[in-house]
Each structure stands twice: as structure tokens, then as C-alpha cells.
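Structural overview for review
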Amino acid sequence: MNYLIGAFKPSCNISITFADGKSRKQVPIKKENGQTVMVPLFQSQENISGKISIEPLQGKKVEHNGVKIELLGQIEMYFDRGNFYDFTSLVRELDVPGEIYERKTFPFEFSTVEMPYETYNGVNVRLRYVLKVTISRGYGGSIVEYQDFVVRNYTPPPEINNSIKMEVGIEDCLHIEFEYNKSKYHLKDVIIGKIYFLLVRIKIKNMDLEIRRRESTGSGANTHVETETLAKFELMDGAPVRGESIPIRLFLSPYELTPTHRNINNKFSVKYYLNLVLVDEEDRRYFKQQEITVYRLPETS
Amino acid sequence: MVERAEDEEKWLAAGIAGLQQNAFYMHRALDSNNLRDALKYSAQMLSELRTSRLSPHKYYELYMRAFDELRKLEMFFKEEARRGCSIIDLYELVQHAGNILPRLYLLCTVGSVYIKSKEAPAKDVLKDLVEMCRGIQHPVRGLFLRSYLSQVSRDKLPDIGSEYEGDADTVVDAVEFLLQNFTEMNKLWVRMQHQGPAREKEKREKERSELRDLVGKNLHVLGQLEGVDLDMYKETVLPRVLEQVVNCKDEIAQFYLMDCIIQVFPDEYHLQTLETLLGACPQLQPSVDIKTVLSQLMERLSNYAASSAEVLPEFLQVEAFSKLSNAIWKVIEAQVDMPIFGAVTLYSSLLTFTLHVHPDRLDYVDQVLGACVTKLSSAGKLEDSKSTKQIVALLSAPLEKYNDIVTVLKLSNYPRVMEYLDNRTNKVMAIVIIQSIMKNKTCIATAEKVEALFELIKGLIKDLDGDLHDELDDEDFKEEQNSVARLIQMLYSDDPDEMLQIICAVRKHFLTGGPQRLPYTIPPLVFSSLKLIRKLQGQDENVVGEEASASPKKIFQLLNQTIEALSVVPASELALRLYLQCAEAANDCDLEPVAYEFFTQAYILYEEEIADSKAQVTALHLIVGTLQRMHVFGVENRDTLTHKATGVILVELHLFIKPVQPVSAETLI
């Protein structure tokens, strides 16, 4: 789509194609207008190369002051709409000022691009990667074309991955010991653990394990925190007694998780928590929240 | 609570409607091979089982419908697997369900297909399923879920000879699975007792009763495993089951499960594990009706003993009798509040057992009676009819078994038990004893045995302490005494000396009977004595010479005194007849003085005691008739007696007909 600034009709079609477009994996993203499109998937340190094709329309010729392509990594804060922060900006000049009166193709290449942060679409913030082609014109405005792509980065399994084991409770009321087999889980992992009841003096109705995502944007006085419960998984139905051990087996694949993002460019963080909730007969809720780290494991083909 | 019942009906109807609607959509998904939708709608359908609003009875109705629908889903899963869908993936997929109850029902359903596919060892899947079911801690929902697990896994256990048996999978794993499921189910079932308000206890207990077979089923399945042989039962199954039974400390569960164990497993196993099984009894809650449990056990073992003679040595080998009697003793000691009825029932069962298994060991039988006596002694004379009925049953058992009172008389504790009966029941028992003797035509052939027997039936022979004469119903009394009378025929010895001893013993007892009894008891005694005399008649007179030995003379002497006793009743007419009978017998023995004496006594009665004119006529006829038959009298005696008769007759005639002429005595005679 052409973004026309100061003109009424599009004067040319710009298409951006990737060199390995046919073989590269595509993933869906939701655009601002609600539509879902498939875009190529890259990871950091990859080469991003391809071709730009500019085709003037209706026999018109396009006079320009230069054609360039930029690779941008952007963080956009929603509460500060339009506030884009480019943490990565690479440019390739494609053409010197001149005229385009017939279809012209320009190859481009960005090699070993540092893309340390993953694509992220959140409640108050998003991080995106985009190729931007600009045909500069003095009057009549520049012609711009965008092509999104997704970046995902992979982490090998952590060398140290301790289990989380704790005894918590309320004096004389409820003592439990919970255990989760790891503190770091990958996106298709399984949370395996158990809840052991040491003391039960309240009438429990049931017990759930929630996965909560906390997205914090901004800093200092301007910090916004959005918490979302992504999963509510029932662990137990009914009232246990002292000595009961309830197994946990929660598969993460059905849920829309992302890796943990810590202090991305000092702009935002995305953290995940396991929230164990016990509900009693009077609907009082007793909870214990515990942070976990989520990471993306390389996919085995 | 009519409202509650109506509400429940409503909830059930709503649950069924919801279930059926989701089932409909599920079927559609199955038909179009839409796995995603099939899972979605089946999970929704199963959500109806999350309700807390239904009593177990109604919940069962909902559960059965869900069960039927899940069979269709299971078939679909099987088809999917055949078509190449990964069972392992399916096993994971169903675990994505957010609510735990639908998740676990689906998991068990897939698990069933998983085991059948043999892609994983049966034991691994079974272990996982039984573990994951822990998530349901609600008693009713948990019980039904685990029951479902039990049902779908039933034909997939790695039993010996089953297709699921492998190197790693053995019957040990099957047993472990069943024991774990059983333990968890029992825990849930017991937990119901303490839920809810105290005032609803009765309702809760009724609901528990409705659910008990779900728990017991696990034991049934265990009992049917080929691989559960005696060793496996002894080493693993019984100790684990008993552990749970004892530790749960719940009266209802303990009673039901002990009974289950006894009914489900073979009698041979019970014999071989008797000590372990009995060892659990004192550890149970004091309120458990242990006597019923033990009685059931003993009954089963009795029947086992009766089934084949080959098993009897086993009973001896395991010392069944001593183990059982010890166990009973311990239980009675431990449960101080046990009513007498309970203790007697226990001893009754033990006695039946002993009679079946060790009929030759009278010492065992006596031991049981002795233990009973010990218990009864702490209670004193019994008042309640339940207990007395039970004691009668206890005492009747040896009679029925041996069909020989003589054997029973050897039981030293038998009369001691009878001491504890109230007078009325004592007599009932005495009649039972006599009936037994008469039925079996048992002959009691020594004076010693007669003494023992009379000790038992003394309630019929004489008045016992506390007897009130008004209490005696005429008919009943007559029956009683007639029984005693009939009994005399059975007291017999071929040896005349012994027979005399018997007669003396009987006489001694009868004479304590009092005026109301004598008319019934004396006659048979007299005839018995006369029988002896007749027997002695045939013998050589020389033999009959010693002091101690029987002789007709001696017996006649005894008879005289015996018949005399009837004077206290008074029963003159009867006595007269008896005297005359004796006179005739004396006549046959050629004992003139004896015969004369008897006539004298008869005349005395006639002249002094018989007042009624009709009776006088009858008596006179008898005297005359008897006199006619006498050949032993010499002229003098005959004259005297005749004169008396005629004198009497003349007086008689004078009364009845107008004296026209004195009639010659000769003519008449």
C-alpha cells in the first residue's frame, strides 16, 4: 500500500520480496486494521535480503530524489500514541535521484542484522520489525512502502534450572508446600509439580493454577503495569485433608505465551507468574504468586 | 423434605438435558471426524458431572448417561488411532481441558485406548491415571470418577495370562493399581462421614450406604485376578487392605470391608491367613459389630469344612479352633459394653464351627460352652428374650449334631449354661432335650447318666426357685409332664442291677416333684419297675441272693413306698390301680405276702379314700377282677380278701337295690 503524503492518487506500486520468501517460514501477525497476514520469520544475526520492485502506474513516470530501504526495529508505546522509538535503524541506498518510467528492481541486503529483541505485541506496548522503502520527492511528498517481518530469538535450555519449592500458608489455618519442577520453562514445556497439604483448617472448594503476564511500560513515575491472566487451570476439585498430595501437570502449548522480556531497551518488561489460588466455601481466595522465566527453545525440524 | 426432593429432580432433569444436548453436538463432531469439536463438546457434556446438587442416587443416573456417551467417544478414539492419529498426542491433548473433572474422565477414556494400543506398558498408563485422579477430592465426584477408571481398566490389567502381561508388566502392577484405587476410594468414602452438619448424619450415612459397593468393587476385581494366588494374597493384598481398614477408623467402612474380604476371597485363603485377619479385629472401632463379622467368617469356614473331608486336616494344621476362640475372647474382653446377646451369638457361631470341623473333639465343644459360662457369670440370670433364644440355639446345636444325648451329657459345661436360663426357658430347653431323646430313640443306660440327664431337665422334675404356680398353664404343664413320662421308657439297662439303680435314681428325683407332678410321673416309674420284675422272674433264684443286687422283693418294697407317695396328691384311684398291678405282678412271682400287702393297701384306699360312688363301683370291679386272677393266695388269705370284697359288695348292693333276700357270697364269686 502506498502512503501518500500530499498527493491524491498513487503513482506507482512498490513490492518488497524476500530472497528466500518461498522457503522461509511464515507466521501470522495481526495488523492494526484487524487483518491477519503471514510474514516471514527471522532470528537475530540472520541476513535479510531481497528485491524491491518499483512499477510506475498508468504510464506515468516517477521523478525522485533517491530510493532507500530501511530496516527498523521499533518500540511503540500505546499510551503515548505515535511515540515510536527506533532501537535499530539500518539503511541502504538503492538509487540516486532520477526518473523511473518503467518497472525497476533493486536488490537489497542487510547482513548479520543484530535484532536482539523479539517481536512483541502487548497491551500497552509493541515491538516490531519492519522494512521501509522510501522514494524521496521534494514536492508531492515521498512515497513509502512497509513490509513487516517477525523476529524470534531462541535460547538453549538453561544449564541451571532449579525447581521451585516452598512452604507457605497462614498460621493455624492453611499450610501447604508447593513444588514446580523448574523455574525456567520453554513455550512448549509442561509444568510438573505437586501441592502437599500440611495443615488444612479451612473448607477448601477448589484450587487453580493461573498463568499471569505482567507487562510494565515506562519508568519511574510513568510506569504502567498491565496484568493479564492467560490461563486458569483447575488443579483440584473438593476439599483435601492433611497429608494429601495433588499432582500438577500443566501443558503450556495451548496458551499464548511469549518469552520473558526483561527491561527491553529500558522501555518495557514482560514477566510471567504462576499464581496458585485456593478458594474456600465462602469464596475467599488464598493465593501465592511465583515468577517463572519463559524462554523460546530452538525448534527441532 | 419434599422440597429438597423436588429440587433434586429438577436439577437432575437439567443435568440430563445439558448432557444430552452436548452429546448431540459431540455425535455430530464424531460423525464428521472433527476431533477438536468432539473434545470440546465432550468436555462440556462432562461438566454436568461437576454438580454438587445431587444425592449419590441421582448422581448415579447422570453418571450412567455420561458413561454411555463416553463409550462412543472411546470408539472414536480407537478409530482415530487406527487412522494414524498419535495416541500420545491425544493423551496430551485432553489434558488441555481447563476443568479438572472433564479432563480426567477424558484422560481415563484415552488411557483405555492407549493401553489397548500397547504403545505404552499398561502399568505406566494405569499408574499415571490412578495418580492423576487425586485431583478430585470431592467424595461423591471422586468415587464415581475412580469407579469409571476401575470400569474402563477392568479388562486391561496385566494379569497372568492376559495380553497385557509383559516382562515389566506383571500382576504385581495390576495389584498395586487396584490397591491404590481402593485406598483412595475408601478415604473419600470415609470423608463423607464428617462433611455437613451434625443433624444430617443419618442422611449422610444413608448416602454412604448407597456408595459402598463402589468401594467394595475394587476388592471383587482383586479377588478375580488369576495372579492373586495365596502367596500374593498373604504377602501383599490382605496386609494392605487391612492396613487401610484399620487406619481409616471408620465404623461403617470397617464393618462393610471386613465382610467384603470374607465374602470375596476363597475360604482356603482365610484359613491360611486366619491370624492376620483375626488380628485386625481388636484394632477396629469398638462400635463395629464385630460379632457379625466373626460369625460370618465362622459360618463360611463351617461350610467349607462341610464341603469336603479333604480340607479338614488344613483346619488342624492352622489351629483354626484355638485362633478363633482366642480372637473371640479378645474381642469380648476389649468390648466391655458388648451386650450378652452379642457374646452368646459369637459363642454360638464358634460352637457351630466346632461341631462342623471338630465334632470328635468334645473337649473343644465343652471349652466353648465353658467360655460362654464365664461370660454369663458376669451378667447373672438373663432377662431379655433375645439372649435366651440365642442360648437355646446354642444348646440345641450339639443335640442336633450328635443326635445322642449321651454325648451331650459328657459336656460338663452344658448344665452350667442352662443355669443361666430363666425358669420358663429352662423348661423349654428341657423339652427340647427330651424331644431329641425321643426322636433319636437314645437309650440312657446308666444311673450316672440318668442323674446327669435329670440335672439338665430338673426344671420339669421339680419346682425351681422363683417358680409361681399360677404361672403354669394347664395345657403346658400337662404336656411337660407327659414328656417326662414318655422319657422313662428310654431309661433302660439290660443289667438288672444297673436298672435298679436307674429306677432308684428316677424315683428319688420324682419324689421331689410335688403333688401336681406325681400323678404323671409315678405310673411310668411303676411300670418300668414291673418290667424289671418280670425280667427277673425268668432268672435263677439262686443268683438273686446278694444284698446289693436286684431282686423282685426289693423292688416290690420300693414300689410300695413309691405308690404311697401318691397319697399326698391325693390320687387314690390311681394308687389303687397301681397297687393292684403290683399285686398281680407279685402273684406272677409267687410272692404271696407281697401280693397280700398290696391288696391290703388297695382295700384301705377303697374304704377310706375313695368317696365318690361311681369311683367306688369302678374300684370294686377292679379289685374283684384282680382278685379273680390271683392264684398265689392260700385259703386263709383268699378267704379274708374275698370276705372283704363281698362285705363291701353287700354293702354296695344294699345301697342300690332293695334288699329282697340276702344273697349268698358264694353265688356271686
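Model, not experiment: these values are computed from the prediction.

**Brief notes about the environment of B:Val215**
All names here are of chain B. Structurally, Val 215 is set in helix H9 (residues 201-224). According to the relative accessible area criterion, Val 215 is buried, its value standing at 0%. Spatially, the C-alpha atom of Val 215 lies 89 Å from that of Gln 628, the residues being 413 residues apart in sequence. Sequence-distant contacts of Val 215, that is, excluding residues within four places in its chain, are made with Leu 143, Phe 182, Met 185, Asn 186, Trp 189 and Leu 257.

**Here we look at the interface of chain B and chain A**
Counting residues at the interface gives 22 residues for chain B and 19 residues for chain A. For the chain B and chain A pair, buried surface summed over both sides reaches about 1,700 Å², with 47% attributable to carbon and sulfur atoms. At the boundary of chain B with chain A, the tally comes to five salt bridges. The salt bridge involving B:Arg50 is made with A:Glu234; its shortest N-O contact spans 3.7 Å. Linking chain B with chain A are 12 residue pairs in polar contact (both at pLDDT 80 or more), by the criterion used here. Elements with a minimum of two residues in the side of chain B that touches chain A: helix H4 (87-93), helix H5 (100-117), helix H6 (122-132) and helix H8 (171-191) of chain B.

**As for the layout of surface pockets**
Residues and elements named next belong to chain A. Empty space within the second largest pocket amounts to approximately 980 Å³. Listing elements by their share of the lining of the second largest pocket, those giving two or more residues are strand S3 (26-30), strand S11 (120-121) and strand S19 (224-237). Ranked by the residues each element gives to the lining of the second largest pocket, the list is headed by S3, at four residues. Its residues assigned to classes, the lining of the second largest pocket shows 12 nonpolar, seven polar and 10 charged.

**Things to note about the packing of aromatic side chains**
Residue and element names in this part refer to chain B. Tallied over the entire structure, the rule returns 32 aromatic pairs over all chains. Taken together, a centroid distance of 6.3 Å and an interplanar angle of 85° make the contact between Tyr 596 and Phe 633 edge-to-face. With a gap of 37 residues between them, Tyr 596 in helix H30 (residues 592-609) and Phe 633 in the loop between helix H31 (613-629) and helix H32 (635-656) connect regions that are remote in the sequence. Residue classification places Tyr 596 among the partly exposed residues on the basis of a relative accessible area of 25%. Between the NZ or CZ atom of Arg 361 and the centre of the ring of Tyr 364, over which it lies, the distance is 4.1 Å.

**A look at helix H19 (residues 385-402) of chain B**
All names here are of chain B. In a regular helix each residue adds 1.5 Å, so 18 residues correspond to 26 Å; H19 covers 26 Å between its end C-alpha atoms and thus fits that length. The largest bend along H19 measures about 25° and falls at Ser 396, with the proline Pro 398 one to four residues further on. Along H19, the positions that sit buried rather than exposed are Ser 387, Thr 388, Gln 390, Ile 391, Val 392, Leu 394, Leu 395, Ser 396, Ala 397, Pro 398, Leu 399 and Tyr 402.

**Quick look at the side chain of A:Arg296**
All names here are of chain A. Within the secondary structure, Arg 296 is located in the segment after strand S23 (285-295). Of the residues examined, Arg 296 reaches a relative accessible area of 11% and is grouped as buried. Residues in contact with Arg 296, not counting those within four places in the same chain, are Glu 118, Arg 152, Asn 153, Tyr 154, Thr 155, Leu 187 and Pro 259.

**Details of the packing of helix H7 (residues 139-153) of chain B against H9(B)**
Residue and element names in this part refer to chain B. Across the interface, H7 lies against H9 with an axial gap of 10 Å and an inter-helix angle of 40°. One element, H7, and the other, H9, form an angle in the oblique class. Crossing angle aside, the handedness with which H7 passes H9 is left-handed. On H9, the residues touching Val 140, Leu 143, Phe 144, Ser 147 and Ser 150 of H7 are Leu 211, Leu 214, Val 215 and Asn 218.

**Observations regarding the confidence of the model for chain B**
Across chain B, the average pLDDT comes to 89, with 93% of residues at or above 70. Per-residue pLDDT stays below 50 along residues 654-659 of chain B; that stretch engages in two contacts with residues further than four places along the chain or on separate chains.

**A look at helix H22 (residues 423-440) of chain B**
All names here are of chain B. Over its 18 residues, H22 extends 26 Å from the first C-alpha to the last, a length consistent with the 26 Å expected when each residue adds 1.5 Å. Every buried residue of H22 is listed here: Asn 423, Thr 425, Asn 426, Lys 427, Met 429, Ala 430, Ile 431, Ile 433, Ile 434, Ser 436 and Ile 437. Each element contacted by the buried residues of H22 is listed here: H19, helix H20 (405-409), helix H21 (414-418), helix H23 (447-456), helix H24 (458-461) and helix H25 (474-487). Looking one or two residues beyond H22, the residue adopting positive phi is Lys 441, at roughly 50°.

**Quick word on the sheet that holds strand S5 (residues 48-56) of chain A**
All names here are of chain A. The three strands lie next to each other as S2-S5-S10, forming an open sheet whose pairing is antiparallel. Looking at the sheet topology across the chains shown, the edges are occupied by strand S2 (12-18) and strand S10 (104-110). Ignoring which end each strand starts from, the neighbouring axes of this sheet average 20° apart. Bridge count for S5 against S10 is seven bridges, and the pairing is antiparallel. Paired with Ser 53 across the strands is Thr 105, a residue of S10.

The rules behind these values
- Residues numbered from 1 in each chain as written.
- Chains lettered and ligands numbered in written order.
- Predicted model: local features only at pLDDT ≥ 70, side-chain atom pairs only at ≥ 80, totals over all residues.
- Heavy atoms only, no water.
- Helix = DSSP H or I, 4+ residues; strand = E, 2+ residues; numbered from the N terminus.
- Buried < 20%, exposed > 50% of the residue type's maximum accessible area, 1.4 Å probe, protein only.
- Contact = heavy atoms within 4.5 Å.
- Buried area = accessible area lost by both parts, 1.4 Å probe.
- Salt bridge = Lys/Arg side-chain N within 4 Å of Asp/Glu carboxyl O.
- Polar contact = N/O pair within 3.5 Å; in protein donor to acceptor, adjacent residues only side chain to side chain.
- 1 Å grid on protein atoms, 1.4 Å probe; cavity = no way out; pocket = protein on both sides within 12 Å on 5 of 7 lines; lining within 4 Å.
- Points joined across faces, edges and corners; volume = space filled by probe spheres on them.
- Nonpolar A, V, L, I, M, F, W, Y, C, P; charged D, E, K, R; others polar.
- Phe/Tyr/Trp six-rings, centres within 6.5 Å; stacked < 30°, edge-to-face > 60°.
- Lys NZ or Arg CZ within 6 Å of the ring centre and 35° of its normal.
- Expected span 1.5 Å × (residues − 1).
- Bend = angle between axes of the 7 residues up to and from the residue.
- Axes fitted to C-alpha atoms, helices over the stretch in contact; angles between N-to-C directions.
- Parallel < 35°, antiparallel > 145°, perpendicular 65-115°, else oblique.
- Left-handed = near helix turned anticlockwise from the far one by under 90°.
- pLDDT = per-residue confidence, 0-100.
- Pairing = 2+ DSSP bridges.

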